[in-house]
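One letter stands for each residue in the lines below.
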Amino acid sequence: VYIPNSEPKPITHGATCETCGSTAVNPVGEAVLTNTKGEFTIPNAPVGDDIPLVIQVGKWRRELKIKVEACKDNKFTDPQKMRLPRNKSEGEMPKMALTTGGCDPFGCLFSRLGIDKSEFTSPSGNGNVHVYQGVGGGNVQGGGSPNPQSSLWNDVNNLKKYDIVLLSCECDEENGTKPAAAKKAMRDYLN
């Protein structure tokens, strides 16, 4: 969490090697970590009605305007405000590929965590979570018509478009259901 001294740098999506804070700008005061309750203190924060505040973890970033009063603890009690974005209208989110599978409900996890269903789209859609149908997997709420998982696995350049690749269990991975080229593409993406 920090108060920026200028507009934060754009987030580069896709497979990149970045360190924490590499998209931040020189903060006013210092960038701080929240505690386990989400509380934080920014020493020497400026005072005013429209102070910019950035909440960021990796490629999740939300920018807010807050009121900071002098000589007091400024508590923010609206949990809907002080959180990471649920959709692109609330801030930056990583670009994710999600495969569905027949042996776990992994596709449902992220909507349960609060990602808006409008973010689950087919790969041609404009959501931040692109859904691919794996062996035995179905659709994800709001996911459009998913492409087959082979269109994700078989192309390292397609994989590289994503910040995060989430693979549901398809029940039969140990029996070699993925061709060697797909395994190589995944290794190349990871490297």
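Residues numbered from 1 in each chain as written. Predicted model: local features only at pLDDT ≥ 70, side-chain atom pairs only at ≥ 80, totals over all residues. Heavy atoms only, no water.

Caption draft 1: Region of the structure containing the overall build of the chain. Looking only at helices and strands, one finds four helices and nine strands in the chain. Along the chain, helices and strands appear, N-terminal first, in the series β-β-β-β-β-α-β-β-β-α-α-β-α. Out of the 191 residues belonging to the chain, those deemed buried represent 38%. Sequence separation of 24 or more characterises 56% of the internal contacts of the chain that already satisfy a separation of 6 or more. Within the structure as shown, the chain displays about 11000 Å² of accessible surface, and the carbon and sulfur contribution to it stands at 52%. (Helix = DSSP H or I, 4+ residues; strand = E, 2+ residues; numbered from the N terminus. Buried < 20%, exposed > 50% of the residue type's maximum accessible area, 1.4 Å probe, protein only. Contact = heavy atoms within 4.5 Å. Areas by Shrake-Rupley, 256 points an atom, 1.4 Å probe, with all protein chains shown as cover.)

Caption draft 2: Looking closely at the side chain of Lys59. Following the sequence through the fold, Lys59 ends up in the loop between strand 3 (48-57) and strand 4 (60-68). Within polar-contact distance, the side chain of Lys59 engages the backbone oxygen of Thr12 at 2.8 Å. Here the side chain of Lys59 touches Asp163 through a polar contact of 2.6 Å, side chain to side chain. (Polar contact = N/O pair within 3.5 Å; in protein donor to acceptor, adjacent residues only side chain to side chain.)

Caption draft 3: Quick look at the pairing of strand 3. By the bridge criterion, eight bridges tie strand 3 to strand 4 in an arrangement that is antiparallel. Counterpart to Gly48 in the pairing with strand 4 is Val68. In this antiparallel pair of consecutive strands, strand 3 and strand 4, the connection spans two residues, and Gly58 shows a positive phi of 55°. (Pairing = 2+ DSSP bridges.)

Caption draft 4: A look at the packing of aromatic side chains. Inspection of every chain in the model, using the stated rule, returns one aromatic pair. Geometrically, the ring pair formed by Tyr132 and Tyr162 is edge-to-face, given 6.3 Å between the ring centres and 85° between the ring planes. Placement of the pair is Tyr132 in strand 7 (residues 129-133) and Tyr162 in the loop between helix 3 (156-159) and strand 9 (164-167), with a sequence separation of 30 residues. Across the pair, Tyr162 and Tyr132 agree in class, each one buried. (Phe/Tyr/Trp six-rings, centres within 6.5 Å; stacked < 30°, edge-to-face > 60°.)

Caption draft 5: Just the nonpolar core, in detail. Judged by nonpolar contacts, Ala97, Tyr132, Leu152, Trp153, Val156, Leu159, Tyr162, Val165, Ala182, Ala185, Met186 and Tyr189 together constitute the single largest core of twelve residues. Breaking this core down by element, the ones donating at least two residues are helix 2 (150-153), helix 3 and helix 4 (180-190). (Core = buried A, V, L, I, M, F, W, Y, C linked by side-chain atoms within 4.5 Å.)

Caption draft 6: Examining the state of the cysteines more closely. This model, assessed by the stated rule, comprises one disulfide. The disulfide partner of Cys103 is Cys171, and the S-S distance across this bridge is 1.7 Å. Its S-S torsion of approximately 120° makes the covalent link between Cys103 and Cys171 right-handed. With a gap of 68 residues between them, Cys103 in the loop between strand 5 (96-100) and helix 1 (106-112) and Cys171 in the loop between strand 9 and helix 4 connect regions that are remote in the sequence. Of all cysteine sulfurs, the one in Cys103 lies closest to Cys169, which takes part in no disulfide; the gap is 4.7 Å. (Disulfide = S-S within 2.5 Å.)

Caption draft 7: Up close: unusual backbone geometry. In this structure, Asn44 is a non-glycine residue whose phi angle is positive, near 60°. Along the chain, the position of Asn44 falls in the loop between strand 2 (27-28) and strand 3. At Cys71, a residue that is not glycine, the phi angle is positive and equals roughly 60°. On the secondary structure map, Cys71 appears in the loop between strand 4 and strand 5. For Cys71, a relative accessible area of 86% translates into the label exposed.

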